[in-house]
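Below are the chains, spelled out letter by letter.
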Amino acid sequence: MNAFVIDTFEFSRLKERREGERAVADFARLPEELADASGVVRWSLQGGMHASGHPQLTLSVNATVQLMCQRCLLPFAFEVASESVLVIAKNEAVADEIDAMLADDSIDVIVGDKAMNFLELLEDEALLTIPLSPKHVVCPDQVGQDVEAAASLKRASPFEVLKHKQ
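Residue numbers run consecutively from 1 along every chain, following the written order of its sequence. Residues qualify for local features only when their pLDDT is at least 70, as the model is predicted, and side-chain atom pairs are given and counted only at 80 or more; totals for whole chains, interfaces and linings, by contrast, use all residues. As a convention, hydrogens and water are excluded, and side-chain values are obtained from all of the structure's heavy atoms.

Q: Explain the overall build of the chain to me, please; I cannot follow it from the model alone.
A: Looking only at helices and strands, the chain has five helices and seven strands in total. Any residue under 20% of the maximum accessible area for its type is buried, any over 50% is exposed, and the rest in between are partly exposed; the area is computed with a 1.4 Å probe on protein chains only. Counting over 166 residues, the chain shows a buried share of 35%. In these tables, accessible area is a Shrake-Rupley quantity obtained with a 1.4 Å probe, and a residue counts as shielded only by the protein chains included in the view. In the structure as shown, the chain presents an accessible area of about 10,300 Å², 53% of it carried by carbon and sulfur atoms. Under the DSSP-based scheme used, a helix requires at least four consecutive residues in state H or I and a strand at least two consecutive residues in state E, with every element numbered from the N terminus.

This is the structure in structure tokens:
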């Protein structure tokens, strides 16, 4: 995976914006979590300042990836759609202070860098959206079983027998 290096502080200060797409197969760790490495990851990165006065990045990630269902072991399409606000801190101690001050779980505070590999950050964000135990909503092999299960529920209730004995 080629590096795409940014200075997080300058990128935020200048309110730069970049967007693009990258093949799933170009990432180091992402393909290992997928049923196959097809598809692309579309992304946009916007620099700016948080209301608290700290630099921030807004990262949007979108993709359709193939995951392996943990119930039926068949692949299925999963939509990755994420938008994250990342407040930038100078070091870990400042990051902890900002995080405590913001007290907002929807905002992540990260340590900035003058030479951050953006593609690693992008890959991290995509990996965080993938469920730990991916599953179909309804597995393809269960569609017929659901019909059979519904029919079995229509069987006579055990209380019906009592009703007729009176």
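Q: How should I be thinking about the side chain of Ser84 in this particular structure?
A: Inspection of the secondary structure assignment puts Ser84 in strand β5 (residues 75–89). Any pair of nitrogen or oxygen atoms within 3.5 Å is treated as a polar contact; in protein, a donor-acceptor pairing is required on top of that, and neighbouring residues in sequence qualify only through side-chain atoms on both sides. Polar side-chain contacts of Ser84 include one of 2.5 Å to the side chain of Glu125. In this analysis, two residues are considered to be in contact whenever any of their non-hydrogen atoms come within 4.5 Å of each other. The contacts of Ser84, once residues within four sequence positions are left out, are Leu57, Thr58, Leu59 and Glu125.

Q: How should the packing of aromatic side chains be read in this particular structure?
A: What describes a pair of aromatic rings is the distance from one ring centre to the other and the angle between the planes of the rings. In summary, the pairing rule links any two rings of Phe, Tyr or Trp, Trp by its six-membered ring, whose centres are within 6.5 Å, and it sorts them by plane angle into stacked for under 30 degrees, edge-to-face for over 60 and tilted for everything else. Counting across every chain of the model gives three aromatic pairs. A centroid spacing of 5.3 Å and a plane angle of 80° characterise the contact between Phe4 and Phe118, whose relative ring orientation is edge-to-face. Here Phe4, found in the segment before β1 (5–6), pairs with Phe118, found in helix α3 (residues 118–129); they are 114 residues apart in sequence, far enough to count as distant. Aromatic side chains Trp43 and Phe118 sit 4.8 Å apart centroid to centroid with 55° between the ring planes, which places their arrangement in the tilted category. Separated by 75 residues along the polypeptide, Trp43 in strand β3 (residues 40–49) and Phe118 in helix α3 bring together distant segments of the chain.

Q: Help me out: how do you make sense of the environment of Gln56 in this one?
A: Locating Gln56 in the fold gives a position in strand β4 (residues 55–68). Residue classification places Gln56 among the buried positions, given a relative accessible area of 14%. Taking C-alpha positions, Gln56 is 9.6 Å from Asp108, a pair spaced 52 residues apart along the chain. Sequence-distant contacts of Gln56, that is, excluding residues within four places in its chain, are made with Ser12, Gln46, Gly47, Gly48, Met49, His50, Val85, Leu86, Val87 and Ile88.

Q: How should the nonpolar core be read in this particular structure?
A: In globular proteins that are soluble, nonpolar side chains generally tend to be buried together. In this structure, Leu30, Val41, Leu45, Val65, Phe118 and Leu122 are the most contacted members of the largest nonpolar core, which totals 32 residues. The set of elements that each furnish at least two residues to this core consists of β3, β4, β5 and α3. The biggest single contributor to this core is β4, with six residues. Discounting residues that sit within four places of it in the chain, Val65 has contacts with Val24, Leu34, Phe76, Ala77, Phe78 and Val80. Put simply, a nonpolar core is a bunch of buried Ala, Val, Leu, Ile, Met, Phe, Trp, Tyr and Cys residues held in one set by side-chain atoms that sit within 4.5 Å of each other. Judged by nonpolar contacts, the second largest core, of seven residues, contains Val87, Ala89, Leu102 and Ile107.

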